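# Architecture and fold: a report
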Amino acid sequence: MGITEEKENEIRSLMRDKTEARRKRQLQEQDVSGNLFRDSQAQELSGTGLSYKILNGDVELTWATKTETDTKGFIVKRRAAKTNDYSVIASYNDFGPLASKGKEGGVYRYLDTTAEPGGWVYRISEADSFGNEADVCQCLVEVETEAEQKGAIIAGVGFGVFAIAAFVAGVAMDPMNGY
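Residues numbered from 1 in each chain as written. Predicted model: local features only at pLDDT ≥ 70, side-chain atom pairs only at ≥ 80, totals over all residues. Heavy atoms only, no water.

## A word on the sheet that holds strand S7 (residues 133–143)
Taken together, the four strands give an open sheet; going across it, the order is S4-S3-S6-S7, and neighbouring strands pair in antiparallel fashion. Whereas interior strands pair on both sides, the edge strands pair on one side only; in this sheet they are strand S4 (87–91) and S7. In this sheet, adjacent strand axes meet at a mean angle of 25° when their direction is disregarded. Bridging between strand S3 (residues 71–80) and S4 involves four bridges; their strand directions are antiparallel. Within S4, the residue paired with Val76 across the bridge is Ala90. (Pairing = 2+ DSSP bridges. Helix = DSSP H or I, 4+ residues; strand = E, 2+ residues; numbered from the N terminus. Axes fitted to C-alpha atoms, helices over the stretch in contact; angles between N-to-C directions.)

Take a look at the structure:
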């Protein structure tokens, strides 16, 4: 029972594709740990568990835990969008409010005053008393320049004026309005 050369090439191509997919998955596993590794939706930058606000160009991150077992504290990491290299920007070792709040958990906040305009991916990792780190949550944040912020405000005001004018024109043109 012989295999044609065409079928053999097709099988080789399929095996190469599977090997490449496995290699990519292994690279991804090296970059992600903890809940982000187990929860594929969290990997999609949904922001589940990590929220943010932009305050005068600074980024305020907020997340919460319900329980913490053997947790020493949290580590805040950041990378530029479309890159893979995270940098630690804060740790429970050097910023007291990131230390564990105990078995009951709690709400944590961190204000990043160093973010430049652009897209940033923030990741929160939990460090335990055994020296292990596990990624907990992440989100994508777009920090705008001052000019972009002013443009958005002007556009919002313009839209509001247009909406009010359309409403007034609609009321004025209503045939039921005169009787």
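Once you've had a look at it, read on.
## Topic: the sheet that holds strand S5 (residues 106–112)
Ordered in space as S1-S2-S5, the three strands form an open sheet in which the pairing is antiparallel. Since the sheet does not close on itself, it has two edges, and those belong to strand S1 (50–55) and S5, each with one partner. Each strand of the sheet is rotated relative to its neighbour by a mean of 20°, with strand direction disregarded.

## So, unusual backbone geometry
Positive phi is not limited to glycine here, since Asn56 has a value of about 55°. Position of Asn56 relative to the elements: it lies in the loop between S1 and strand S2 (58–65). What makes Asn56 exposed here is its relative accessible area of 82%. (Buried < 20%, exposed > 50% of the residue type's maximum accessible area, 1.4 Å probe, protein only.)

## Describing the confidence of the model for the protein chain
Across the protein chain, the average pLDDT comes to 79, with 73% of residues at 70 or higher. Every residue in residues 38–48 is under pLDDT 50, and counting partners more than four places away or in other chains gives 14 contacts. (pLDDT = per-residue confidence, 0-100. Contact = heavy atoms within 4.5 Å.)

## Regarding the side chain of Thr71
Residue placement: Thr71 occurs in strand S3. A polar atom in the side chain of Thr71 sits 2.4 Å from the side chain of Glu126. Those residues in contact with Thr71 that lie beyond four places of it in its chain are Ser100, Glu126, Ala127 and Asp128. (Polar contact = N/O pair within 3.5 Å; in protein donor to acceptor, adjacent residues only side chain to side chain.)

## Thoughts on the nonpolar core
Ranked by size, the top nonpolar core spans 21 residues in total, and within it Leu50, Val59, Leu61, Trp63, Val76, Tyr122 and Ile124 carry the most contacts. Looking at this core, the elements with two or more residues in it are S2, S3, S5, strand S6 (118–128) and S7. Every residue in contact with Leu61, bar those within four places of it in the chain, is listed here: Leu50, Ser51, Tyr52, Val76, Tyr108, Arg109, Tyr110 and Tyr122. (Core = buried A, V, L, I, M, F, W, Y, C linked by side-chain atoms within 4.5 Å.)

## Remarks on the pairing of S3
Within S3, eight of the ten residues are buried, leaving the element largely enclosed by the surrounding structure. As judged from the nine bridges shared by S3 and S6, these two strands associate in the antiparallel manner. Along S6, the bridge assignment pairs Arg78 with Tyr122. Between S3 and S4, which pair antiparallel in sequence order, lie six residues; one of them, Lys82, sits at a positive phi of approximately 65°.

## Considering the side chain of Asp128
On the secondary structure map, Asp128 appears in strand S6. No salt bridge forms around the buried Asp128; measuring N to O, its nearest opposite-charge neighbour Lys72 is 8.0 Å away. A polar side-chain atom of Asp128 sits 2.8 Å from the main-chain amide nitrogen of Asn132. Residues contacting Asp128, with those up to four places away along its chain left out, are Asp70, Thr71 and Lys72. (Lys, Arg positive; Asp, Glu negative; His and termini not counted. Salt bridge = Lys/Arg side-chain N within 4 Å of Asp/Glu carboxyl O.)

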